[in-house]
Amino acid sequence: MPKLSVVVCTYNRVEYLITALKHLKNQVDIETDAYEVIVVNNNSPDDTDQQVKDFLAINNINHWVYVVETNQGHTYARNRGIEESQGELIS
């Protein structure tokens, strides 16, 4: 079980999101098994869905979760990320 859950909520920001995910993947301060990343797409009408799925498929990363939250709003997205989290700490 990961110690840290990083919840990334997004809405129509795919260009910034993919960059952020690359940085999370390439970070070296914590071992990969010690953290998970939960990407919560808050029902974006852009191509966020396909871009994230492609990123995850290409990188084959363990402990990363992608979900779509159809209830619009940051609070819904954040709460969904918390629901999906397995870590002791949530960021």
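On a predicted model such as this, the values are computed, not experimentally measured, just so you know. (Residues numbered from 1 in each chain as written. Predicted model: local features only at pLDDT ≥ 70, side-chain atom pairs only at ≥ 80, totals over all residues. Heavy atoms only, no water.)

Draft legend 1. A look at the nonpolar core. Ranked by internal contacts, the top residues of the largest apolar core, which has 15 residues, are Leu21, Val37, Val39, Phe55 and Trp64. Breaking this core down by element, the ones donating at least two residues are strand E1 (4-10), helix H1 (14-26), strand E2 (35-41), helix H2 (48-59) and strand E3 (64-68). Broken down by element, this core gets its largest block of residues, four residues, from H1. Aside from chain neighbours lying at most four places away, what touches leucine 21 is Val37, Val39, Phe55 and Trp64. Formed by five residues, the second largest nonpolar core is a distinct cluster that contains Val7, Val40, Val67 and Ala77. (Core = buried A, V, L, I, M, F, W, Y, C linked by side-chain atoms within 4.5 Å. Buried < 20%, exposed > 50% of the residue type's maximum accessible area, 1.4 Å probe, protein only. Helix = DSSP H or I, 4+ residues; strand = E, 2+ residues; numbered from the N terminus. Contact = heavy atoms within 4.5 Å.)

Draft legend 2. Here's a closer look at the environment of asparagine 12. Within the element layout of this structure, asparagine 12 appears in the loop between E1 and H1. We classify asparagine 12 as partly exposed; its relative accessible area is 26%. The spacing of asparagine 12 and glutamate 84 is 72 residues in sequence and 21 Å in space, taken between C-alpha atoms. If we ignore the near neighbours within four places in the chain, the residues touching asparagine 12 are Ser44, Pro45, Asp46 and Thr48. In this structure the side chain of asparagine 12 is engaged in a polar contact, spanning 3.3 Å, whose partner is the backbone nitrogen of aspartate 46. (Polar contact = N/O pair within 3.5 Å; in protein donor to acceptor, adjacent residues only side chain to side chain.)

Draft legend 3. Looking closely at the side chain of serine 85. Mapped onto the secondary structure, serine 85 falls in the loop between helix H3 (74-84) and strand E4 (89-90). Within polar-contact distance, the side chain of serine 85 engages the backbone oxygen of glycine 81 at 2.7 Å. Those residues in contact with serine 85, other than ones at most four positions away along the chain, are Ser5, Val7, Glu36, Ile38 and Ile90.

Draft legend 4. Representation of the environment of glutamine 50 in the model. Examined against the element boundaries, glutamine 50 turns out to sit in helix H2. In this structure glutamine 50 comes out as partly exposed when scored by relative accessible area, which is 44%. Taking the C-alpha atoms as reference points, glutamine 50 and valine 39, separated by 11 residues in sequence, lie 13 Å from one another.

Draft legend 5. Quick look at the sheet that holds E4. Strand order in this open sheet of four strands is E3-E2-E1-E4, and the pairing throughout is parallel. On the outer flanks of this sheet lie E3 and E4, each paired with one strand and no other. The sheet contact formed by E1 and E4 spans two bridges and is parallel. Bridge pairing links serine 5 to isoleucine 90 in E4. (Pairing = 2+ DSSP bridges.)

Draft legend 6. Quick look at the pairing of E3. Pairing geometry for E2 and E3, over five bridges, is parallel. From the neighbouring strand, isoleucine 38 faces E3, where its bridge partner is valine 65. Between the parallel pair E2 and E3, the chain is carried across by H2, and the sense of this crossover is right-handed. (Right-handed = clockwise from strand over helix to strand, strands pointing away.)

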